[in-house]
Amino acid sequence: MSKLLIGSIDPWLLAGILSLGAGCGLTILHGGRRLIGLPSPEASLRRADLPWLAAVVIFGGVLGPLLLMLGLSMTSASAGSLLLNVEGLATMVIAWVIFRENVDLRLLFGAVAILAGAVLLSWTGDGFRLDAGSLLVVAACVNWGIDNNLTRKLSASDPVQIAMIKGLVAGTTNLVLALAVGASLPSATLFAAGVIAGFLGVGVSLVMFMLALRHLGTARTGAYFSLAPFIGAVLALALFREPITGQLAVAAALMGIGLWLHLRERHEHEHAHDPIEHDHLHTHDEHHDHHHEGPVTEPHSHWHRHAPLRHSHAHYPDLHHRHGHRG
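Conventions adopted
- Residues numbered from 1 in each chain as written.
- Predicted model: local features only at pLDDT ≥ 70, side-chain atom pairs only at ≥ 80, totals over all residues.
- Heavy atoms only, no water.
- Helix = DSSP H or I, 4+ residues; strand = E, 2+ residues; numbered from the N terminus.
- Buried < 20%, exposed > 50% of the residue type's maximum accessible area, 1.4 Å probe, protein only.
- Salt bridge = Lys/Arg side-chain N within 4 Å of Asp/Glu carboxyl O.
- Axes fitted to C-alpha atoms, helices over the stretch in contact; angles between N-to-C directions.
- Parallel < 35°, antiparallel > 145°, perpendicular 65-115°, else oblique.
- Left-handed = near helix turned anticlockwise from the far one by under 90°.
- Polar contact = N/O pair within 3.5 Å; in protein donor to acceptor, adjacent residues only side chain to side chain.
- Contact = heavy atoms within 4.5 Å.
- pLDDT = per-residue confidence, 0-100.
- Core = buried A, V, L, I, M, F, W, Y, C linked by side-chain atoms within 4.5 Å.

## Remarks on the environment of F109
Tracing the sequence through the fold places F109 in helix α6 (residues 105-122). You can call F109 exposed: its relative accessible area is 52%. Placed 149 residues apart in sequence, F109 and G258 show a C-alpha to C-alpha distance of 7.1 Å.

This is the structure:
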């Protein structure tokens, strides 16, 4: 949808409109929740979260969308589609190499299969070269890879609140800067289309992505995110009656194998939990056996302490399992 709009809207301005649409839409949801007396059980942002929030706004909210829109204005849709898969790869590499998330051969082969399917799905058969537009798209994906890993630091807090602030600040920044350098506002219809695309493709998408980060960790969330080209192809078959080609069938098989490998993962070993204090949405389980004065409703959020614990069970690198591994 961005590629369709970019012919009528300045790329820098469109980056601002998309982010602003995400921020405004989530503001309505966040405010409407309070108006009807439905308080959020999620943990609010704290002062210590502000440096991380500023970083994700800069990398993922301002630079990422701007570089993508500039890149899309200078390269083809097929090349842009292919290169957008660099985000999933960048996210996984940063998570594994820098943040030391655990990865085994099953996950590695699954990630390779998903990415191979995404590349095949986007391949036109006409060759591919990294022109200036392509390099800008790659730069956008690297920024989002950094953003995704930094957002992990905030995944315990309210994802709607975080995505709302990110969209409002980044959207306003890009919108003002684009107007300052001479961009013109589009028609109300085009502006509304950009706002809707931003609310769904940036705002709602980011909220769900953050919830996945909380439960799956960054590398796995990034790998699943690489299914996006396949989802787009399925929608194209249904909406535009495009033919089912051998290329699509092979790509679907590769992505299906990759997803199956990830879903079949069972990571279990004896591990130790160090003492930790934090605030996040939770229910009382083996990791949350603290007591309350009076009755409580679950799930709920509050500041709580985890005592040292050693046990063995299947787990993901979620909020409570970010330990190291030997080998």
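## Topic: the pattern of salt bridges
Under the definition given, this model contains 1 salt bridge. D147 serves as the salt-bridge partner of K166, at 2.8 Å between the closest nitrogen and oxygen. One end of the pair, K166, is in helix α8 (residues 159-180); the other, D147, is in helix α7 (residues 132-151), with 19 residues separating them in the sequence. Among the residues examined, D147 registers a relative accessible area of 3% and is labelled buried.

## What to know about the packing of helix α3 (residues 50-72) against α7
Where α3 meets α7, the closest approach of the two axes is 8 Å, and the angle between their N-to-C directions is 160 degrees. On the basis of the axis angle, α3 is roughly antiparallel to α7. The crossing of α3 and α7 is left-handed.

## Thoughts on the side chain of T91
Residue position: T91 is located in helix α5 (residues 86-97). Judged by its relative accessible area of 1%, T91 is buried. Here the side chain of T91 touches E87 through a polar contact of 2.8 Å, landing on its backbone oxygen. In this view, T91 contacts W144, G145, N148, N149, T218 and G222; residues no more than four positions away in its chain are not counted.

## Focus: the confidence of the model for the chain
Here the chain averages 79 in pLDDT, while 73% of its residues score no lower than 70. Of all secondary-structure elements in the chain, the lowest mean pLDDT belongs to strand β1 (residues 268-273), at 61, while α8 reaches the highest, 94.

## Some words on the nonpolar core
Counting 23 residues, the largest nonpolar core has I9, L13, L14, L68 and M69 as the members making the most contacts within it. Put simply, the parts of the chain that give this core at least two residues each are α2 (11-35), α3, α7, α8 and α9 (188-216). Examining the composition of this core, we find that 6 residues originate from one element, α2, more than from any other. By size, the runner-up hydrophobic cluster in this structure holds 17 residues, among which are V57, V62, L154 and A163.

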